[in-house]
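Overview (structure and organization)
Listed below are the residues making up each chain.
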Number of protein chains: 2
Amino acid sequence: MSIGRPRAFDEEAVLDRAAEVFWRHGYDGASLSELTRAMGINRPSLYATFGSKEELFRRAFARYHETKVANARAALDQPTAYAAIEVFLRSSADALTTGDHPPGCLSIQGGLACSPENAHVAEVLATGRADTEAALEERLSRADDLPDGMDVRALARFVMTLSEGHAVHAAAGASRDDLQASVDIAMRALAHSASRRSFSSDGEPVAAE
Amino acid sequence: MSIGRPRAFDEEAVLDRAAEVFWRHGYDGASLSELTRAMGINRPSLYATFGSKEELFRRAFARYHETKVANARAALDQPTAYAAIEVFLRSSADALTTGDHPPGCLSIQGGLACSPENAHVAEVLATGRADTEAALEERLSRADDLPDGMDVRALARFVMTLSEGHAVHAAAGASRDDLQASVDIAMRALAHSASRRSFSSDGEPVAAE
DNA sequence: CAGGTTTTGTACCGAGCGGTAGGATGAGCG
DNA sequence: CGCTCATCCTACCGCTCGGTACAAAACCTG
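Cut-offs and rules
Residues numbered from 1 in each chain as written. Chains lettered and ligands numbered in written order. Predicted model: local features only at pLDDT ≥ 70, side-chain atom pairs only at ≥ 80, totals over all residues. Heavy atoms only, no water. pLDDT = per-residue confidence, 0-100. Buried < 20%, exposed > 50% of the residue type's maximum accessible area, 1.4 Å probe, protein only. Helix = DSSP H or I, 4+ residues; strand = E, 2+ residues; numbered from the N terminus. Arc of directions from axis to C-beta. Contact = heavy atoms within 4.5 Å. Near = heavy atom within 4 Å. Polar contact = N/O pair within 3.5 Å; in protein donor to acceptor, adjacent residues only side chain to side chain.

With that settled, consider the confidence of the model for chain A. The predicted model of chain A has a mean per-residue pLDDT of 92, with 92% of residues at 70 or higher. Interface scoring of the predicted complex returns ipTM 0.92; its pTM is 0.93.

Encoded structure:
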């Protein structure tokens, strides 16, 4: 057992609470008073554990990225590129509008724009999003159900763009059905855009040829 | 001529400078010191003219919306829905990556998430975006080159979502070509998705039947 | 129980925030 | 010029910000 007075809170639990505050108010808009209140701990405990507001944010975002975003990435295990894209977009749309946490996505709500001294924060978030896009691209590059000559990088960017746009919409109050209807259009369009041997016309992925 | 000491600055010019600061740093991240420095005026002049930081923001955003966004809306004058969508997306992508102002879009950079006392600001921005989406929907609902039964509301949302995602990407450093490649995919997909009598297969709009 | 160690809570720090008071400044007008 | 008026500028307001000193409290070991 560790020596000294035992900690009265769970580190990961308070990180989740902190993430929610950053999510709802952005990095600049999340004050220490609100953070400590939501986390249920007081300032010195926060600083002893995490060091600074920025470090707290990094930790909270890292945890968010490892848990919530990893969920979306599971979509990439689907057997075809078409299915991977669809599951990615649909599970994202669901996650963006679940009631368990603020609407939208911490990677975007956290701070697209920050005060000059907090510019790092925007970079951290952008890096996180870029990682997801890279994972998407990697999956698509391994696909054998895409038309020859398809620009997988641009396709990954397109899918990620759509997801980011949905996050913006969700933060502004769009419903789950609203987002899914947008995904419907995207998937129907993609199904017809690729060669017929790759994407079936009714949205179901089919084996090549 | 008006009486008293004449104003030493142009109201609209300083609004543009203010918009840039909000654009780059968000509402919460834009301090009065930085605003006055960029605007080239001092605090009392700012308060005498605009009343408060929030009012300054509203004015700056209104001007932005009337000038920059109106440009994108001009795309809706295109003769067909397909052309309107394409011109809207392409001119947006260009505007998001021009060097004349910060990358991305003030409607999003300004503050998706704000501190609790500034929640109005996020609402103002969301309303602006919703207006654009409504204009898009209105244009599409007048189109006669869309397949019967097309959900124009969802289509407008899809297009707007893509544009918002591009804004997020642009803010993170995506190049103009990056965004246009994403538009390429969207337009190619849409061209094949709708019935052939509506959208030609090579991306050129054609008259209905 | 005493001693050592870590966390807890209160109360505070300097700095920067958004916002303002009040005199100096510069224009039109007689 | 002297008067009037709106604007400009210096200096300041109360407040909240992110961050910290310090002592009481709670656990372990002996």
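Next, the rest of the story.
Residue and element names in this part refer to chain B. Residues of helix α3 (residues 43-50) that are buried include every one of L46, T49 and F50, and no others. Buried residues of α3 fall within an arc of 75 degrees about the axis and therefore sit on the same side. Across from the buried face of α3, at angles greater than 90 degrees, the exposed residues are P44 and A48. Buried positions along α3 lie against α1 (11-29), α2 (32-39) and α4 (53-73). Looking at the residues trailing α3, positive phi occurs at G51, about 95 degrees.

Residues in contact with DNA strand D amount to 23 residues; listed here are only the nearest, A:L32, A:Y47, A:K53, B:A8 and B:N42. Here DNA strand D approaches the protein such that, of its atoms within 4 Å, sugar and phosphate make up 64%. In the environment of DNA strand D, a base nitrogen lies 3.1 Å from a nitrogen or oxygen atom belonging to the side chain of A:R43. Side-chain polar atom of B:S45 to a phosphate oxygen of DNA strand D: 3.0 Å apart, as the coordinates give it. Here the surface near DNA strand D gets three residues from one element, more than from any other, and that element is helix α3 (residues 43-50) of chain A.

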